[in-house]
Amino acid sequence: MSIKDLKSKDNMKICIFYFSGTGNTAWAVNKLAEKLNLLNYEVKVISCESQPNISEEIDICDILGIAFPIHSSYAPSPFQDFIEKLPKSIDKPLIALTTAGYTAGDVLWYTLKPLKNKGYIPMVFSNIIIGNNMHLPKLSPLPVTKSHKLHKKLEKAERKIDKMAYYITKDILHIEGINLFGRILGILQRSIAKNFKSFAFKGFYSDETCIKCGWCIKNCPTQNIQEDSNGVKFLDKCIICMRCYSFCPKHSIQMTEKTKNIKKYKRYTGPNC
Ligand SMILES: Cc1cc2nc3c(=O)[nH]c(=O)nc-3n(C[C@H](O)[C@H](O)[C@H](O)COP(=O)(O)O)c2cc1C
């Protein structure tokens, strides 16, 4: 079945659900929506954190969209749960994007396989390289993308998003990450990631500079942070999305003593800064 068979494009409705830790995916999804709006598509962009009425939104859209950042060849775990909850649908076209720091592997194909089994039809899957948002001792040795480099990367990402909009409007089947290289990369990353994470990541904590402003508590996607006498404390649901660590106004969130060196362990500022 083709997108064209469904409806005239002028009143085609697309609903895109997304998760974004530090803003890259939100930026990419909103760019895609902007471009599709110009082409007379009606696009609704919904954060999975806003607790949407999923079934209602899916019922009224003609195309379902999914977007998330790559976390070691997986989708962030709350978003994986979100995808699992999506209802069955007969022949609804599916578009999807991921954002990554360097390379995406087969994550879209791997993550969205259950949706295919639920009746959705993969149409356009694109990996958008934006910038790396994670530099932590042991866990992630490469520096975060600096703001002056991010500008160029965003330009390149925007060109890729243009292409994605083109494929959608021209009804061109375009699926990335299913070649042999993508599959091997994905399988390797996934087999290493889980064990390595529990070995290298012992959690975040707030240091003595915390002013208890509550920003991290309010913005943590898993409600993993609570106030305590010294600042804030972290429970056991951290998904290392990097939001609190990157945007704490006082850079008070640390992983080890080493991350207090903010020249070496720079915080990611994201596409909106
Ligand atoms: C826990 C974690 C794991 C990551 N793993 C990868 C990876 O395997 N490959 C990659 O290219 N980027 C990786 N990144 C970088 C992010 O995918 C990238 O910065 C993404 O655009 C962030 O999107 P967001 O700002 O919407 O959260 C990882 C980031 C985090 C926090």
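Everything below is about the structure printed above this text.
Residues numbered from 1 in each chain as written. Predicted model: local features only at pLDDT ≥ 70, side-chain atom pairs only at ≥ 80, totals over all residues. Heavy atoms only, no water.

Asks: I'm lost on a nonpolar patch on the surface in this one. Help?
Replies: Together, L180, I184, L188, I192, F196 and F199 make up a nonpolar patch on the protein surface, roughly 610 Å² of accessible area in all. You can see I192 is positioned in helix 7 (residues 180-200). (Patch = residues over 30% accessible without salt bridge, like charges linked within 9 Å, V, L, I, M, F, W, Y side chains within 5 Å. Areas by Shrake-Rupley, 256 points an atom, 1.4 Å probe, with all protein chains shown as cover. Salt bridge = Lys/Arg side-chain N within 4 Å of Asp/Glu carboxyl O. Helix = DSSP H or I, 4+ residues; strand = E, 2+ residues; numbered from the N terminus.)

Asks: What's the story with the nonpolar core in this structure? I'm lost.
Replies: Counting 31 residues, the largest nonpolar core has I14, L32, L36, I95, I130 and I168 as the members making the most contacts within it. Elements that contribute at least two residues to this core include exactly strand 1 (13-18), helix 2 (24-38), strand 3 (63-69), strand 4 (93-100), strand 5 (121-129) and helix 6 (147-169). Ranked by residues supplied to this core, first place goes to helix 6 with eight residues. Ranked by size, the runner-up nonpolar core spans 30 residues in total, among them L64, I66, F68 and W109. (Core = buried A, V, L, I, M, F, W, Y, C linked by side-chain atoms within 4.5 Å. Buried < 20%, exposed > 50% of the residue type's maximum accessible area, 1.4 Å probe, protein only.)

Asks: Please explain the pairing of strand 9 (residues 231-234) as it appears in this structure.
Replies: The side chains of a regular strand alternate, residue by residue, between the two faces of the sheet. Of the strand pairs in this sheet, strand 8 (residues 225-228) and strand 9 are connected by four bridges, and their pairing is antiparallel. Within strand 9, the residue paired with D228 across the bridge is G231. (Pairing = 2+ DSSP bridges.)

Asks: What's the story with the packing of aromatic side chains in this structure? I'm lost.
Replies: To describe a pair of aromatic rings, one takes the distance between the centres and the angle between the planes. By the definition in use, this model includes 11 aromatic pairs. Here F79 and F82 contribute two aromatic rings whose centre-to-centre distance is 5.4 Å and whose plane-to-plane angle is 15 degrees, an arrangement assigned as stacked. Of the two residues, F79 and F82 both sit in helix 4 (residues 77-85), three residues apart, roughly one turn of that helix. Between F201 and F204 the ring centres are 5.1 Å apart and the planes differ by 75 degrees, which places this aromatic pair in the edge-to-face class. Like F201, the residue F204 is buried in the burial classification. Of note, R190 hangs over the ring of Y110, and the distance from its end group to the ring centre comes to 3.6 Å. (Phe/Tyr/Trp six-rings, centres within 6.5 Å; stacked < 30°, edge-to-face > 60°. Lys NZ or Arg CZ within 6 Å of the ring centre and 35° of its normal.)

Asks: Even after reading the chapter, I still don't get the side chain of R243, so can you show me in this structure?
Replies: By the secondary structure assignment, R243 is in helix 9 (residues 243-247). Judged by its relative accessible area of 11%, R243 falls in the buried class. There is a polar contact of 2.9 Å between the side chain of R243 and the backbone oxygen of G21. Contacts of R243, omitting those with residues within four sequence positions, involve F19, S20, G21, T22, E49, W215, N219, C220, P221 and C248. (Polar contact = N/O pair within 3.5 Å; in protein donor to acceptor, adjacent residues only side chain to side chain. Contact = heavy atoms within 4.5 Å.)

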